[in-house]
Amino acid sequence: MRSYLGAAGAAVVLVLGGATAPATADSSPSVGSSGFTIEDPRITESSGLAASRAHPGVYWTHNDSSDGAYIFAIDGRTGKTLARVTLTGVGAPRDVEAISIGPDGNIYVGDIGDNLGGKWDHVWIYKLPEPKKLVDQTVRATQYVVKYADGPRNAESMMVHPKTGRVYIIEKGEDGGGLYEGPATLDSAATNTFRRVGDIDLWATDAAFSPDGKQLAVRGYFGGISYSWNDGKPKRQGQLHVPLQPQGESVTYTPDGRTLLYGSEGKNSSVEPVEVEGVAKGSDGGGSSASGDGGDGGDDGGFTGKAGAVGAAVVLIAVIGIGRLLRKPKQK
């Protein structure tokens, strides 16, 4: 979704600065766990983020909307682009919003956004093998047609479970949305119907499974929620400490499961780290407490559900006001 916050979005930090929980230094963190800045001038609307399985320290991202059938491999040390991969075998992307990597070693790209508010009768998922070499290249992808059992939805979150390989989508709604489960195996020759299996109490812009598949982290513009996966029946654990960003659109776990990385749209956008609390060193993300919070299940920050819509509106009013103060005068 293209930014409706505009350039004034950066001013959110002035309104609510200091709410972010700092990441804790560690003796052997995953590459990228300290965060990085995306330096490629071609990436101005980073809307999804996924940690590579084949290349430690590399993170995949893509631009929002109809930029083209491209994904980018980013070095988590420097923020520089290592490769741009062009997808063939798919139609013209319409609103690309999410990226995830499955246990099969394939990259899944979610062309699942619907800026018309749920009017398109189908969306798409593209699947391609993660390249063995990180160089600019063209890779043939498989395209899957996706529909929802209860009618069109707008969505920006797509996750592939790291153990089962099943694909899930979270609806984006101001009052929260549905969690949709895809077929056990996607079929490129038929329509893949996703069915609602749960509710997510957040205006969700992205989500990610922990590497062990036991946790689900869901983020929005102004907050996030951690869920235990609970065999496909998510159970809310607590609030995530989501960094305040100009337009927070992405989240992924580092490969060791000990850090959540949060990304934002915008030129030279930063990917901010927040340590996952309750995860022991050497584990793969199966901590006993909620990701990025105290694990008490309380609402200790952020904007979620119906309250989120109201809270977000208040912040937006403040942001717009500050943006007007900072706006440069027009040249005569």
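What counts, and at which threshold
- Residues numbered from 1 in each chain as written.
- Predicted model: local features only at pLDDT ≥ 70, side-chain atom pairs only at ≥ 80, totals over all residues.
- Heavy atoms only, no water.
- Helix = DSSP H or I, 4+ residues; strand = E, 2+ residues; numbered from the N terminus.
- Buried < 20%, exposed > 50% of the residue type's maximum accessible area, 1.4 Å probe, protein only.
- Contact = heavy atoms within 4.5 Å.
- Areas by Shrake-Rupley, 256 points an atom, 1.4 Å probe, with all protein chains shown as cover.
- pLDDT = per-residue confidence, 0-100.
- Pairing = 2+ DSSP bridges.
- Axes fitted to C-alpha atoms, helices over the stretch in contact; angles between N-to-C directions.
- Phe/Tyr/Trp six-rings, centres within 6.5 Å; stacked < 30°, edge-to-face > 60°.
- Lys NZ or Arg CZ within 6 Å of the ring centre and 35° of its normal.

Draft legend 1. A look at the overall build of the protein. For the protein, the helix and strand inventory stands at two helices and 21 strands. Burial statistics for the protein: of 332 residues in total, 55% are counted as buried. When contacts within the protein are restricted to residue pairs at least 6 apart in sequence, long-range pairs at least 24 apart make up 57% of them. Surface exposure of the protein reaches about 14000 Å², of which carbon and sulfur atoms provide 51%.

Draft legend 2. Main features of the confidence of the model for the protein. For the protein, per-residue confidence averages 82 on the pLDDT scale, and residues scoring 70 or more make up 74% of the total. The model gives residues 2–26 a pLDDT under 50, and that stretch makes 48 contacts with residues more than four places away or in other chains.

Draft legend 3. Quick peek at the sheet that holds strand E14 (residues 191–200). Taken in spatial order, the eight strands of this open sheet run E6-E7-E8-E10-E14-E13-E12-E11, and their pairing is mixed. Either end of the sheet is taken by a strand with one partner, and the two such strands are strand E6 (98–101) and strand E11 (155–160). Along the sheet, successive strands turn relative to each other by an average axial angle of 30 degrees, direction set aside. Pairing analysis gives four bridges linking strand E10 (residues 142–148) to E14, with the strands arranged parallel. Along E14, the bridge assignment pairs tyrosine 148 with phenylalanine 194.

Draft legend 4. Structural detail: the pairing of E11. By the criterion of burial, E11 is predominantly enclosed, with six of the six residues buried. Sheet analysis places E11 next to strand E12 (residues 167–171), joined by five bridges and oriented antiparallel. Looking at E12, one finds that serine 157 is bridged to isoleucine 170.

Draft legend 5. Summary view of the sheet that holds strand E16 (residues 215–220). Read from one edge to the other, the open sheet built from four strands follows the order E15-E16-E17-E18, with strand pairing classed as antiparallel. Sheet topology places strand E15 (204–209) and strand E18 (235–240) at the edges, where each strand pairs with a single neighbour. With direction set aside, neighbouring strand axes in the sheet form an average angle of 25 degrees. Sheet analysis places E16 next to strand E17 (residues 224–228), joined by five bridges and oriented antiparallel. Residue pairing in the sheet places valine 218 in a bridge with isoleucine 225 of E17.

Draft legend 6. Quick look at the packing of aromatic side chains. Following the criterion strictly, the structure yields seven aromatic pairs and no others. A ring pair is formed by tyrosine 148 and tyrosine 180, whose centres lie 5.0 Å apart and whose planes are at 70 degrees; its orientation type is edge-to-face. Of this pair, tyrosine 148 sits in strand E10 while tyrosine 180 is found in strand E13 (residues 177–181), placing the two residues 32 residues apart along the sequence. The two residues tyrosine 148 and tyrosine 180 agree in class, both being buried. Ring centres of tyrosine 168 and phenylalanine 209 lie 6.0 Å apart, and the angle between their planes is 75 degrees; this geometry places the pair in the edge-to-face category. Taken together, the residues span a long stretch of sequence, with tyrosine 168 in strand E12 and phenylalanine 209 in strand E15 at a distance of 41 residues. Under the relative-accessibility criterion, phenylalanine 209 is labelled buried at 9%. One aromatic cluster is present, built from ring pairs that chain together Tyr168, Phe209 and Trp229. One Lys or Arg, arginine 84, reaches over the ring of tyrosine 70 and ends 3.8 Å from the middle of that ring.

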